[in-house]
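Each chain is listed here by its residues.
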Amino acid sequence: MEDDERGDGDELIADYVDCLMSLDTNSRSCQNDALILEGAPDDVDDDAAAAAAAAAEQDVMRDFAPGDGDGDADAENDPKEPVLGMTFESDEAAKMFYNEYARWLGFPFRVGRSRRSKGMEEVVIMKRFVCSREGAHKKKQPSTSGEATSKRERASMREGCNAMMEVVRDKDHWVVSKLEKAHNHSLGIGTRYGYLRARGLPDVSNKIAAMGSDGTASLRQNFLGETGDGQGLLDYLKKKQANDPRCSHAIQVDKNGCLMNVFWADSRAKEAYRHFGDAVTFDTSYKKTKYMMPFVTFSGVNHHLQTVIFGCAFLMEETESSFSWLFETWLAAMGGKAPGSLVTDQNRAMKAAIGKVFPDTCHRFCKWYILSRTKQKLCHAYSEHPDLRDEIESCVIESETISTFETSWMSILEKYDLRKHAWLQAIYNIRQKWVPLYMMGTFFAEISPTQKLETMNDFYKKYFNTKTTLEVFLNQFDSTMTSRYENEAQADIDTRLNEATTRTASPIEKQAASTYTKAVFSRFQEEFTESLGYIIQKTEEGRVNKFSITKDEDDPSDTFCVTYNASSKMAKCSCKYFKFSGILCRHILGVFIIVDPRTLPPDYFLKRWTRNARHDELLEDNSNNHKDATCQSITSRYNVLCADAIRCADKGSASKAVYKAAKDILQKAYEEIIAYERNPGRGLQRDAININEDITIDDTMNDQSLPDFWTKGMLI
């Protein structure tokens, strides 16, 4: 067994984090300058099963968010003291208990040590919670170079305190194995006081405050000071606004003027949302900056199955009010159009805010997050049964029907004697909240059961550590976004210049190959190929025909029903895969091969998955905008023209050749506008402004250098 290593920088941050943890974060009050929206009415459900599921969900929420301060008042006033041999369901439960105990006595704590098992499956088997004054501060050796330095010695919280509680894993629970209650320093007065020192926080002022559970804020430095990184953040936002007039940003401060939350979304994020904002993931799988400001993103998937960003934020507090402010601000920036579906991690405060701000949005918990938590909860069982993890994931991901999932789940519990496991029972009771099979009637833009939307974890691992400044962080983030835009542009070019390879001579497959992007067609092709192996039987004939679809006649458990309307040439399947993913399932494709093997109806090709997903029919949009009454103001007209210019920039940057052509075309358009401004009557003598006149294009460009939209009058 090996101890987890902790660097000097991590040690400084740990002190600050654990002190914050010792305060009741949810009891902080703040002033919110966001819009006040009417809350959705509380749902009333008299069904006993629904009530039981709701109770189970609260249990799971409590496990996911142990420090939310919703404990019983009596327990707060008189919490149990730790004793040797005390048991807990999980290490998080032990941490939650010690948190309440520390708050009651008035001392901050941190995780001092942890140990992991050796072998293929490394799992945590020991955690030690210590007073934050444990240990001694390690002084750095003075510089030997003789050069002067402006760095000053930072105050240390370490005073050699030995108070601690150690818990070790024992099968499926955790036991207190070591305990020391005595402190070598004075303690606060119960939950009424907590303290922090400006240690490990560069550019922090000497404003140190003591506040209780009813304080107005956790000790935050006023980041808006001229010397802090907060000013750099403001400068960053101002620069983005100057370079991108359609960029939106918002800052929330508390009554003391301290920065709480920051949001921004540039024009590219807004454009991406217009095309791909029907399914959104709210990603909080962040690490924290040195100012403890968690970075979160709104994201989705584009027509190349690549991650696109719809907005970013620094969220200081994970409270319902902070989440509500962020969701309302983001929604306003996106034009007030809420997503159809939203995938998030499991968080009680977040869930409550989503219910208020997005009452009509289908909210789902991320299955991958719950499966990762299951790995922690079942680490002992996983080590004893190497196949258990794969069987659980296969049950959730590969089951084709609800009945198959439920049967498989119960079979696993029976096989491994896990029927009484509290965690598995809890997540099964809320299966409708996270297992995709129960939400197949809602679009989530997931065209593969194993599809994982790329989070920012890779970005953090590559560019971030505790010494990274906010300026460097933001610059690296912008560089990463630029790289992603280039990848999308390259995928566009690849799709247009390189035809997808078909596996059959079917006109349907050829139609899909010429309509979808290469990435989406590859997934469609899997469904199409699989459809050839199904047994299809007509069970009812008439105006609406019904078909029974099965893979194996001897196993009718996964039998699907397809209804086909001959007059409208539209079909529906009991699996609802098309509604969930936006591409046809193998069952409907199998029926079409029989009833109409030539082409699929256009309605089955969602524009967001096609190679023309970002094409806006600019002429049509401009015509509609010109007639729109909102364009009577200068600001409205400016915004409409900015949107058109940004679309030109998006396409014009695809390659050097297209960029040169775009520059010439836009320069000609600008000259025409100036000429029209000087002599408005001149425009009446022409049916249209031909901005393609006298454009010289490099002879080395071949016909394939310019995508189709440049030659179809998209910019005329």
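How each quantity is defined
Residues numbered from 1 in each chain as written. Predicted model: local features only at pLDDT ≥ 70, side-chain atom pairs only at ≥ 80, totals over all residues. Heavy atoms only, no water. UniProt positions renumbered as here; feature names shortened; annotations may be inferred. Helix = DSSP H or I, 4+ residues; strand = E, 2+ residues; numbered from the N terminus. Buried < 20%, exposed > 50% of the residue type's maximum accessible area, 1.4 Å probe, protein only. Contact = heavy atoms within 4.5 Å. Areas by Shrake-Rupley, 256 points an atom, 1.4 Å probe, with all protein chains shown as cover. Axes fitted to C-alpha atoms, helices over the stretch in contact; angles between N-to-C directions. Parallel < 35°, antiparallel > 145°, perpendicular 65-115°, else oblique. Left-handed = near helix turned anticlockwise from the far one by under 90°. Nonpolar A, V, L, I, M, F, W, Y, C, P; charged D, E, K, R; others polar. Pairing = 2+ DSSP bridges. Core = buried A, V, L, I, M, F, W, Y, C linked by side-chain atoms within 4.5 Å. Domains from an automatic or database assignment. Salt bridge = Lys/Arg side-chain N within 4 Å of Asp/Glu carboxyl O. Polar contact = N/O pair within 3.5 Å; in protein donor to acceptor, adjacent residues only side chain to side chain. Lys, Arg positive; Asp, Glu negative; His and termini not counted. Disulfide = S-S within 2.5 Å. pLDDT = per-residue confidence, 0-100.

For the chain, an unreviewed UniProt entry supplies the name Protein FAR1-RELATED SEQUENCE and the organism Oryza sativa subsp. japonica. Check the Sequence similarities (unreviewed entry) section of the UniProt entry for the chain; it says "Belongs to the FHY3/FAR1 family." Taken from UniProt, the Subcellular location (unreviewed entry) comment for the chain reads in full: "Nucleus".

## Let's talk about the overall build of the chain
The helix and strand inventory of the chain stands at 24 helices and 17 strands. For the chain, the proportion of its 716 residues judged to be buried stands at 46%. The contacts of the chain with a sequence gap of at least 6 include a subset with a gap of at least 24, amounting to 65%. Looking at the chain as shown, the accessible area adds up to about 36800 Å², and 50% of this sits on carbon and sulfur atoms.

## Describing the packing of helix H11 (residues 388-398) against helix H12 (residues 402-415)
Across the interface, H11 lies against H12 with an axial gap of 9 Å and an inter-helix angle of 165°. Considered as vectors, H11 and H12 are oriented roughly antiparallel to each other. Along this stretch, H11 crosses H12, giving a crossing that reads as left-handed. On H12, the residues that touch Leu 388, Glu 391, Ile 392, Cys 395 and Val 396 of H11 are Phe 405, Ser 408, Trp 409, Ile 412 and Lys 415. Class assignment of the residues belonging to the contact of H11 with H12 gives a composition of seven nonpolar, one polar and two charged.

## Re the sheet that holds strand S17 (residues 570-573)
Ordered in space as S14-S15-S16-S17, the four strands form an open sheet in which the pairing is antiparallel. Of all the strands in the sheet, the pair left with one neighbour each is strand S14 (535-540) and S17. Direction aside, the axes of adjacent strands within the sheet are offset by 25° on average. Bridge count for strand S15 (residues 544-550) against strand S16 (residues 560-565) is six bridges, and the pairing is antiparallel. Among the inter-strand pairings, Ser 548 is bridged to a residue of S16, identified as Cys 561. Sheet strands in contact with helix H19 (residues 586-595) are S14, S15, S16 and S17, and its direction is about 45° off that of S16.

## Some points on the nonpolar core
In terms of nonpolar packing, the biggest core is built from 69 residues, with Phe 405, Trp 409, Tyr 516, Phe 524 and Trp 609 touching the most fellow members. Each of two domains, domain 2 (215-366 + 455-494) and domain 3 (499-609), supplies a minimum of three residues to this core. Apart from residues lying up to four places away in sequence, Trp 409 is in contact with Ile 392, Cys 395, Val 396, Leu 424, Ile 427 and Tyr 428. Ala 272, Phe 298, Val 308 and Ile 354 belong to the second largest nonpolar core, which has 31 residues in total.

## A closer look at the sheet that holds strand S9 (residues 279-283)
Across the sheet, seven strands lie side by side as S7-S8-S11-S10-S9-S12-S13; this open sheet has mixed pairing. One side of each edge strand has no neighbouring strand; the edge strands of this open sheet are strand S7 (248-253) and strand S13 (362-365). Within this sheet the neighbouring strands show an average axis-to-axis angle of 20°, counted without direction. As paired strands, strand S10 (residues 295-301) and strand S11 (residues 307-315) are joined by seven bridges and run antiparallel to one another. Bridge pairing links Phe 298 to Gly 311 in S11. Helix H15 (residues 470-497) contacts strand S8 (259-265), S10 and S11 of the sheet and is inclined by roughly 165° relative to S11.

## Some details on the pattern of salt bridges
The tally for this structure, following the rule as stated, stands at 27 salt bridges. Its salt-bridge partner being Glu 81, residue Lys 181 comes within 3.2 Å of it at the nearest N-O pair. In this pair, Lys 181 sits in the loop between strand S6 (173-180) and helix H5 (229-243) while Glu 81 sits in the loop between helix H3 (73-77) and strand S2 (87-88), placing the two residues 100 residues apart along the sequence. Using a relative accessible area of 34% as the deciding quantity, one classes Lys 181 as partly exposed.

## Thoughts on the UniProt feature "domain: SWIM-type" (unreviewed entry) in the chain
The residues that UniProt annotates with the feature "domain: SWIM-type" (unreviewed entry) are residues 560-596. Measuring from the first to the last C-alpha atom of residues 560-596 gives 19 Å, for a span that is 41% helix and 27% strand.

## Section: helix H16 (residues 507-515)
Within H16 the residues assigned to the buried category are Ile 508, Glu 509, Gln 511, Ala 512 and Ala 513. The inward-facing, buried residues of H16 contact helix H17 (518-531) and H19. The backbone nitrogen of Ile 508 has a side-chain oxygen 3.2 Å away, supplied by the residue at the start of H16, namely Ser 506.

## Observations concerning the side chain of Lys 367
Relative to the assigned elements, Lys 367 resides in helix H9 (residues 367-377). Salt bridges are absent for the buried Lys 367, whose nearest opposite-charge side chain, Glu 446, sits at 4.1 Å. Setting aside chain neighbours within four positions, we find Lys 367 in contact with Trp 434, Pro 436, Glu 446 and Pro 449.

## Some thoughts on the state of the cysteines
This structure, assessed with the given rule, holds zero disulfides. Cys 131 supplies the cysteine sulfur nearest to Cys 161, a cysteine that is in no disulfide, at a spacing of 4.0 Å.

## Structural notes on the confidence of the model for the chain
For the chain, the average pLDDT comes to 75, and 67% of its residues sit at 70 or higher. When the criterion is pLDDT under 50, residues 145-152 qualifies, and its contacts beyond four places in sequence or with other chains add up to zero contacts.

## Structural notes on the side chain of Asp 266
Mapping Asp 266 onto the fold places it in the loop between S8 and helix H6 (267-276). A polar contact of 2.8 Å, which involves the side chain of Asp 266, links it to the backbone nitrogen of Ala 269. If we skip the residues at most four places from it in the chain, Asp 266 touches Lys 240, Asp 244, Cys 247 and Tyr 485.

## Structural notes on the environment of Asn 302
Residue placement: Asn 302 occurs in the loop between S10 and S11. Relative accessible area serves as the criterion here: at 0%, Asn 302 is assigned to the buried category. Considered as a pair, Asn 302 and Tyr 273 are 29 residues apart in the sequence and their alpha carbons are 9.5 Å apart. Apart from the residues within four sequence positions on either side, Asn 302 is in contact with Phe 276, Val 308, Glu 488, Arg 608 and Trp 609.

## A closer look at the environment of Cys 247
Note on placement: Cys 247 falls in the loop between H5 and S7. Accessibility expressed as a relative area gives 4% for Cys 247, which makes it buried. Taking the C-alpha atoms as reference points, Cys 247 and Ala 269, separated by 22 residues in sequence, lie 8.8 Å from one another. Contacts of Cys 247, omitting those with residues within four sequence positions, involve Lys 240, Gln 241, Ala 265, Asp 266, Ser 267 and Lys 270.

## Considerations on the pairing of S10
In terms of burial, S10 is largely enclosed, as seven of its seven residues are buried. Covered by surrounding structure in S10 are Phe 295, Thr 297, Ser 299 and Val 301 together with Val 296, Phe 298 and Gly 300, the residues of both alternating faces. The turn linking S10 back onto S11 is made up of five residues, and Leu 305 within it adopts a positive phi angle of 60°.

## Looking at unusual backbone geometry
The backbone of Lys 569 sits at a positive phi, close to 60°, despite the residue not being glycine. For Lys 569, the position within the fold is in the loop between S16 and S17. Classification of Lys 569 by relative accessible area gives partly exposed; the value is 37%. For Lys 576, which is not glycine, the phi dihedral falls at a positive 60°. Examined against the element boundaries, Lys 576 turns out to sit in the loop between S17 and helix H18 (577-581). We classify Lys 576 as partly exposed; its relative accessible area is 43%.

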